[in-house]
Amino acid sequence: MNIVVCVKHVPDAQSDRTFQESDNTVDRAVDGLLSELDEYAVEEALKIVEAAGEGEVTVVTVGPAAAADALKKALQMGAHKAVHVQDDAIHGSDAVGTSLVLAKAVEKATDGSPELVLTGMSSTDGVMGVVPAMLAERLGLPQVTYASELTVGEGRVTIRRDGDVASETIEAALPALVSVTDQINEPRYPSFKGIMAAKKKPVETWSLADLGVDADDVGLGAAWTSVVAFAKRPPREQGQIVTDEGEGGAKLAEFLSAQKFL
Ligand SMILES: Cc1cc2nc3c(=O)[nH]c(=O)nc-3n(C[C@H](O)[C@H](O)[C@H](O)COP(=O)(O)OP(=O)(O)OC[C@H]3O[C@@H](n4cnc5c(N)ncnc54)[C@H](O)[C@@H]3O)c2cc1C
């Protein structure tokens with residue numbers, strides 16, 4: 001089975017994130033990495049292909065030049081090939097625009113016949129969690145979300161979806177799109193062999209023109225949503241330090257009670 005995994009390059013959550021005053025978008029000129037939640041989708045795709053003993057994993061990203069780092073990490077983990085959609089006109093696209101470009105890229109990468117498309121449950125920066133649903137709609141595929149277990153059978157995909165009070169088992173006919181959670185597996189670290197092998201793997205770079213997407217349909221100008229204001233969260237206040245001189249337990253209980261935890 002040939003699997004396409006959508007991976008996003010995101011600002012490192014450890015670095016100080018800022019917004020650009022000019023258009024209220026997150027400044028991406030900071031250290032970036034493969035969205036950690038997408039590593040689970042890459043791992044799951046690799047496991048499926050390895051278990052089947054055949055097939056390929058293609059990773060696709062839509063993002064500026066630095067997004068190549070996300071592809072590199074996925075290739076080092078074991079993905080077979082990568083597609084990078086890069087075009088200045090895409091900057092500032094919202095989920096609607098991003099899903100349009102992704103859909104065209106998935107179609108081109110699979111000659112119009114995707115078998116299984118995997119995504120993370122949400123990006124770790126935008127955190128909209130809607131791109132997978134929009135992508136499935138554009139590709140005309142059934143979509144099953146938040147998979148914490150995934151099994152591919154003859155012409156079908158079955159997932160477990162964990163809710164607060166129950167777990168559901170859901171089946172969909174292939175081809176399908178599945179978004180996965182961080183419960184589904186333990187992503188592997190790239191091995192030395194994987195890092196060396198990644199250097200030789202094919203990476204295609206496509207522009208909007210290559211995908212037949214009109215620049216007027218994407219980017220900040222075409223976005224259906226916009227960030228109209230932002231404010232930095234106030235810094236965290238220093239916590240209360242209790243020195244235990246015999247009555248530490250009681251003081252802790254008092255504190256928890258005052259915070260309505262008890
Ligand atoms: C090229 C580009 C440049 C952008 N530049 C900025 C910017 O500078 N500042 C800013 O604030 N916003 C920018 N945006 C918009 C921002 O990234 C949006 O939040 C995003 O397009 C959609 O929402 P999300 O990432 O929250 O998606 P979610 O719905 O939370 O993502 C869920 C899953 O969809 C897949 N996915 C989502 N986006 C991509 C992608 N781009 N490539 C591959 N897979 C993806 C992943 O599998 C992900 O786990 C940009 C978007 C694009 C496409």
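Up top is the structure these notes are about.
Residue numbers run consecutively from 1 along every chain, following the written order of its sequence. Reporting of local features is limited, given that this is a predicted model, to residues whose pLDDT is at least 70; pairs of side-chain atoms are given and counted only at 80 or more, and all residues count toward the totals for whole chains, interfaces and linings. Side-chain metrics in this entry use all non-hydrogen atoms of the structure; hydrogen atoms and water are not considered.

*Asks:* What exactly am I supposed to notice about the pattern of salt bridges here?
*Replies:* A side chain with one charge can pair with a side chain of the opposite charge if their charged atoms come near. Salt bridges are counted wherever a side-chain nitrogen of Lys or Arg sits within 4 Å of a carboxyl oxygen of Asp or Glu. Going through the model one piece at a time under the given rule, you end up with ten salt bridges. A salt bridge links arginine 160 to glutamate 149; its shortest N-O distance comes to 2.8 Å. Note that arginine 160 is positioned in strand 9 (residues 156–162) and glutamate 149 in strand 8 (residues 149–153), a separation of eleven residues in sequence. Three labels apply to residues, based on accessible area from a 1.4 Å probe with only protein chains included: buried if under 20% of the type maximum, exposed if over 50%, partly exposed otherwise in between. The exposure class of arginine 160 is partly exposed, given its relative accessible area of 27%. Relative accessible area serves as the criterion here: at 42%, glutamate 149 is assigned to the partly exposed category. By the criteria applied, helices consist of DSSP H or I runs no shorter than four residues and strands consist of E runs no shorter than two, each listed in order from the N terminus.

*Asks:* Sorry if this is basic, but what is going on with the site of the ligand here?
*Replies:* Close to the ligand lie 30 residues, the nearest being Lys8, Val26, Asp38, Thr98 and Gly129. Here an oxygen atom of the ligand sits 2.8 Å away from a polar atom, N or O, in the main chain of cysteine 6. Counting of polar contacts relies on pairs of N or O atoms within 3.5 Å, with two restrictions inside protein: one atom must be capable of donating a hydrogen and the other of accepting it, and residues adjacent in sequence are counted only when both atoms are side-chain atoms. Glycine 129 places a polar main-chain atom, nitrogen or oxygen, 2.7 Å from an oxygen atom of the ligand. Methods summary: accessible areas were calculated by the Shrake-Rupley approach with a probe of 1.4 Å, and residue burial reflects only the protein chains presented. Burial of the ligand by the surrounding chains reaches 94%, relative to a free accessible area of 900 Å². Taken together, the elements giving at least two residues each to the shell around the ligand come down to strand 4 (57–62), helix 3 (95–109), strand 6 (116–120) and helix 4 (131–139). Classifying every residue of the shell around the ligand gives 13 nonpolar, 13 polar and four charged. The rule for a residue being near a molecule or strand is that one of its heavy atoms must lie within 4 Å of it. Three classes are used, and their members are as follows: Ala, Val, Leu, Ile, Met, Phe, Trp, Tyr, Cys and Pro are nonpolar, Asp, Glu, Lys and Arg are charged, and the others, Gly among them, are polar.

*Asks:* Mind showing me how you'd approach the pairing of strand 5 (residues 81–85) here?
*Replies:* Side chains on a regular strand alternate between the two faces of the sheet. Across the five residues of strand 5, four count as buried, placing the element largely inside the fold. When DSSP finds two or more bridges between a pair of strands, those strands are recorded as paired. Pairing geometry for strand 4 and strand 5, over five bridges, is parallel. When the bridges of strand 5 are listed, threonine 61 appears paired with histidine 84. Summarising the sheet, strand 5 and strand 12 (residues 203–206) pair through four bridges and their orientation is parallel. Paired with alanine 82 across the bridge in strand 12 is valine 203.

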